[in-house]
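Listed below, chain by chain, are the residues.
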Amino acid sequence: MPAKHPPIAVVGLGALFPGSTDANGMWRDIVAGKDQLTEIPKAHWLIDDFYDPDPKAPDKTYARRGGFIPEVAFDPLEHGMPPNVIPATDTSQLLGLIVAKQLLEDVTHGNFPDAMRERTSVIIGITSAQELLVEMGSRLQRPIWVRALREHGLPEDEVNKVCDRISGSYTPWQENTFPGLLGNVVAGRIANRLNLGGTNCVVDAACASAFGALAMAVQELHLGSSDLVITGGVETFNDIFMFMCFSKTTALSFSGDCRPFDAKSDGTMLGEGIGLIGLRRLEDAERDGNPIYAVIKGIGSSSDGRAKSIYAPVSAGQAKALRRAYEVSGFGPESVELVEAHGTGTKAGDAAEFGGLQTVFGESPRAQHDTQWCALGSIKSQIGHTKAAAGAAGLIKAALALHNKVLPPTIKVDTPNPALKIGETAFYLNTAAKPWVRDNSHPRRASVSSFGFGGSNFHITMEEYVGKAKRATRMRTMTSELVATSAETPAALIQALDTVLTDLKAGASLSGVAQAAAVTFDPKADCRLAVVASSVEDLEKQIGLAKPKVDGPAFDLPGGPTYGRGAKNAGTIAFLFPGQGSQSVGMGRDLAMAFDPARQAWDDHAHLTFGEGAEKEPLHRVVFPPSVFTDEARAAQAARLTATEWVQPALGIASIAVLRMLRHLGVDGDVFGGHSFGEVAALHAAGAIDSTSLLKIARRRGELMRDAATTSGAMWAIALGKKTVAELQSQIREPVVIANRNSKKQVVIAGPTEAVDEAAATLKAQGFKGTRLPVATAFHSSVVAGSVEPFAQFLKNQPITVPTKPAYANTTAQRYTGGEDGIRANLASQIASPVRFSEEIETMYADGVRTFVEVGPGAVLTGLVKDTLLDQPHLAIATDRRGANGAASFLQAIGTLVAHGFEVKLEKLFEGTRVEARKEAPKPHAIMLSGANYAKPYPPKEGSAGLPKPNPPRRAEAVVTAPAVMSNHAPQEESSLKSNTQD
């Protein structure tokens with residue numbers, strides 16, 4: 001169905017939320033699943049003053065935690081604001097100005113034509129009054145204080161002293177107070193200070209305010225009234241007043257956590273934050289070269305109508321908004337694979353919302369034959385309910401998910417609410433980030449909901465941008481970075497490392513340092529150091545470990561720096577591909593999320609489905625399945641992936657992803673080999689089989705082996721120790737065979753389960769040590785021999801050619817020969833023949849190979865190479881380590897290569913991604929702001945008739961140090977500037 005409105009491009013993002021000060025940091029926190037909820041900061045209010053676990057205690061709250069934005073520097077000179085205005089201005093206006101400037105820089109990168117500036121509007125979601133209104137209203141309660149003190153019997157002079165002391169804890173009234181406490185001036189100050197000429201106003205739809213504003217912003221663009229709209233939500237109202245509002249409706253969590261859709265959910269958590277989104281008509285953004293994050297396709301809104309109460313959520317009303325969104329979007333919910341829910345974590349709210357979602361998604365034709373195609377989540381589990389900014393936080397999360405092609409997690413879901421019966425619906429709760437794999441039948445699509453008190457309902461539909469114009473750079477969320485440095489002498493290398501340390505101290509980010517090092521690294525330099533670090537502190541530590549050692553020989557500290565000197569390793573490179581047993585659920589996840597070439601390998605084959613009926617799935621759904629919540633369910637997912645018909649193509653695509661990433665960096669093998677199934681992947685890498693045929697061959701190979709295994713089979717890895725293969729051979733009898741000669745230290749026996757278990761027991765009694773392998777059957781034995789002939793027949797019709805580079809065979813331990821028919825015959829017979837891997841490695845070594853790179857999941861083959869070649873000079877490198885972050889493991893492998901002098905295009909590690917910005921020190925006249933309103937400290941007046949020393953203000957305290965004379969950074973705001981103090 002065609003869309004009813006022109007698409008709207010998301011062309012810029014600005015964010016200030018708990019734990020992060022920009023959109024890049026926000027996305028990093030989302031993907032990492034960080035919990036940003038903390039105890040109430042003292043700058044906001046003191047827990048001892050207002051906390052009581054009894055929700056009925058008058059004027060007390062049972063909550064003591066929430067989500068709070070970090071302090072940021074506000075430069076009044078830069079924004080043309082007199083310093084004395086700051087205490088009389090709600091922090092929402094000041095922080096909104098900071099984020100708006102951040103957003104405009106993202107949209108324009110400093111190129112902001114006057115014509116566009118004149119037609120740029122500011123339409124922002126705000127929840128009515130701001131915190132300063134409460135404070136200034138409180139200051140006006142003096143008559144009540146006076147009356148109470150007089151009735152208590154205090155003398156008149158003491159009454160005035162006490163009241164003066166109380167009022168001195170509040171910001172005084174001044175001519176700037178009125179605009180400073182108005183919610184609409186959040187938008188007005190942005191338009192004023194940034195000189196924007198379009199519409200400026202705010203929208204209040206309670207917790208749906210951001211989407212109320214966004215709906216109006218999109219209408220401005222559709223009507224042609226604006227060319228750029230800054231929209232979203234601003235929310236810094238987290239004082240005790242707001243906590244009291246939510247406490248007395250008992251909407252806050254009693255356990256102190258927000259758990260959307262979880263069985264233990266017991267309320268929401270308050271958060272604060274600012275999320276601003278730049279919107280343009282898509283055709284304008286494409287024409288002008290604006291960076292495009294995502295495309296808004298439709299907006300649906302509704303009211304609940306008459307309901308039980310003004311704040312009770314209504315499923316039918318919410319479903320109405322959903323239907324209206326899809327009616328104008330040009331697509332239905334059957335193609336939506338991510339819903340960012342309102343998801344407050346309240347029992348009633350979550351149940352009502354899920355009911356509305358299921359009503360609409362359940363009407364989709366897809367729901368008649370499919371379940372759990374759509375990830376469901378809520379950012380509130382991480383940052384709390386940011387009220388007016390809640391929709392903006394959800395939209396930024398969804399836009400970045402589409403843009404970065406990652407399905408983000410929702411945390412704190414231990415057991416889905418059983419009443420929802422979520423497993424029977426279109427949805428699953430995604431609890432860990434994973435690559436968003438999709439074929440090219442349609443773009444990735446997501447939806448976002450936001451609902452507010454009073455029955456305000458909004459639903460936004462979005463899709464990824466797939467046009468040919470400028471895409472925004474991807475957000476970099478690497479958990480580690482590779483920092484490679486080089487120099488001609490140890491002394492020069494130490495100097496280069498000191499420069500790195502100096503740069504870090506000056507505020508450089510880890511990714512910024514890594515990118516700069518990648519550009520200057522010289523693999524031909526005599527001294528080369530590679531460090532994979534997880535943080536600035538980790539990098540500093542590792543450099544400290546390396547510096548004393550660089551004057552000596554090359555070294556490789558486990559988990560630490562790798563250092564190489566002189567010419568690169570002699571000999572050629574072999575790429576080795578793993579076989580069954582190296583698989584794990586989620587393999588390749590981190591690499592695919594970090595690098596486009598790796599994820600693209602999954603995308604390119606996402607259209608392939610295997611299996612029949614309910615079992616019919618694309619590979620990525622088996623490798624990256626929906627989150628489950630019991631050990632039994634996790635074991636079932638692992639067992640499915642272990643099945644031969646699934647594990648073989650899954651290992652194939654996981655290995656292809658690593659291969660593509662290596663080649664993207666300019667690293668390739670000279671020769672290729674694999675272990676068991678890995679040999680099929682090796683032939684692909686050598687040019688004999690295309691990637692689609694590889695997966696089809698792998699699937700059929702696995703199916704035939706499964707069908708042939710009519711007898712239960714098992715495999716045991718036996719450690720030889722000081723014993724010999726001959727000694728082991730003498731202890732086993734047919735049908736048990738030596739299936740794999742893996743290394744000089746290990747062989748594997750295989751055969752019918754009962755016979756293998758008996759043989760393993762005999763071998764253990766003879767002093768051998770062994771481990772049963774996690775495989776589906778007994779490969780390379782008589783158990784699967786029945787698959788040899790049908791597989792040979794299948795291969796006759798597969799497009800196999802002579803390799804363009806040498807490939808080695810397990811059965812002969814030699815290079816492939818005999819042309820295409822020889823390859824087919826060897827692949828078929830290999831199924832039931834012993835794998836002579838150790839001999840194959842020795843043959844490669846004799847042929848001049850000195851570097852062995854394992855391309856795919858796990859590090860099994862790397863260990864086998866080392867145990868085969870022992871003390872002979874060689875380099876064995878794994879690109880993945882079980883249990884470690886996959887992207888970090890890959891970087892460690894690349895670091896090892898460059899430290900040993902191999903040429904790698906390190907700069908391509910940063911292609912299309914945005915490194916973290918340098919942390920600039922606040923200017924001397926900057927004021928540090930948090931979500932609490934700024935106030936100068938109140939100087940206590942001691943010694944007043946036995947009166948107690950007053951508590952400090954319940955606000956962030958700082959001293960204004962800016963001079964009275966304003967700089968010319970921005971036009972000065974109108975003010976009489978009668979005084980630069982608040983007294």
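Before any of the text, the structure's been laid out above.
Here goes a summary of the coordinates provided. Note that the coordinates shown come from a computational prediction; the quantities given were computed from them, not determined experimentally.

Remarks on the overall build of the protein chain
A count of helical and extended segments in the protein chain gives 33 helices and 35 strands. The C-alpha atoms of the protein chain give a radius of gyration of 32 Å, which matches the 30 Å a tight globule of 983 residues would have. Taking the principal axes of its C-alpha atoms as reference, the protein chain extends roughly 110 × 70 × 60 Å. Looking at the protein chain as a whole, 58% of its 983 residues qualify as buried. Sequence-distant contacts, at least 24 apart, represent 79% of the contacts inside the protein chain between residues at least 6 apart. Carbon and sulfur atoms make up 53% of the accessible area of the protein chain, which totals about 37200 Å². Placing the 99 positive and 105 negative side-chain charges of the protein chain at their respective mean positions leaves the two points 1 Å apart.

Notes on the environment of aspartate 204
With respect to the element layout, aspartate 204 can be found in the loop between β6 (200-203) and α10 (209-223). Residue aspartate 204 is classed as partly exposed on the basis of its relative accessible area of 46%. With 77 residues separating them in the primary sequence, aspartate 204 and threonine 127 have C-alpha atoms 5.1 Å apart. Look past the residues within four positions of aspartate 204 in its chain and what remains in contact with it is Ile126, Thr127, Ser128 and Ser209. Reaching out from aspartate 204, the side chain makes a polar contact with the backbone nitrogen of alanine 206 at a distance of 2.9 Å.

Some details on the environment of phenylalanine 910
In this fold, phenylalanine 910 is placed in the loop between α33 (886-899) and β32 (913-914). Taking the relative accessible area as the measure of exposure, phenylalanine 910 reaches 5% and is therefore buried. Sequence separation between phenylalanine 910 and glutamine 515 is 395 residues, and the spatial gap between their C-alpha atoms is 6.8 Å.

Describing the packing of aromatic side chains
Counting across every chain of the model gives 16 aromatic pairs. Plain terms: the ring middles of tryptophan 145 and tyrosine 170 are 6.5 Å apart, the flat faces sit at 15° to each other, and that makes the pair stacked. Here tryptophan 145, found in helix α6 (residues 142-151), pairs with tyrosine 170, found in the loop between α7 (156-167) and α8 (177-181); they are 25 residues apart in sequence, far enough to count as distant. Looking at tryptophan 145, the relative accessible area reads 14%, which means it is buried. In this structure tyrosine 170 comes out as partly exposed when scored by relative accessible area, which is 23%. Aromatic side chains phenylalanine 791 and phenylalanine 794 sit 6.4 Å apart centroid to centroid with 15° between the ring planes, which places their arrangement in the stacked category. Note that phenylalanine 791 and phenylalanine 794 are positioned in helix α29 (residues 788-795) at a spacing of three residues, about one turn of the helix. Of the residues examined, phenylalanine 791 reaches a relative accessible area of 1% and is grouped as buried. With relative accessibility at 22%, the residue phenylalanine 794 sits in the partly exposed group. One aromatic cluster in this structure is built from Phe261, Tyr326, Phe331, Phe354, Phe361 and Phe427. The ring of phenylalanine 768 is capped by lysine 723, whose NZ or CZ atom sits 5.5 Å from the centre of that ring.

Each value, and the rule that gives it
Residues numbered from 1 in each chain as written. Predicted model: local features only at pLDDT ≥ 70, side-chain atom pairs only at ≥ 80, totals over all residues. Heavy atoms only, no water. Helix = DSSP H or I, 4+ residues; strand = E, 2+ residues; numbered from the N terminus. Rg over C-alpha atoms; globule rule 2.2 N^0.38 Å. Buried < 20%, exposed > 50% of the residue type's maximum accessible area, 1.4 Å probe, protein only. Contact = heavy atoms within 4.5 Å. Areas by Shrake-Rupley, 256 points an atom, 1.4 Å probe, with all protein chains shown as cover. Lys, Arg positive; Asp, Glu negative; His and termini not counted. Charge placed at Lys NZ, Arg CZ, Asp CG, Glu CD. Polar contact = N/O pair within 3.5 Å; in protein donor to acceptor, adjacent residues only side chain to side chain. Phe/Tyr/Trp six-rings, centres within 6.5 Å; stacked < 30°, edge-to-face > 60°. Lys NZ or Arg CZ within 6 Å of the ring centre and 35° of its normal.

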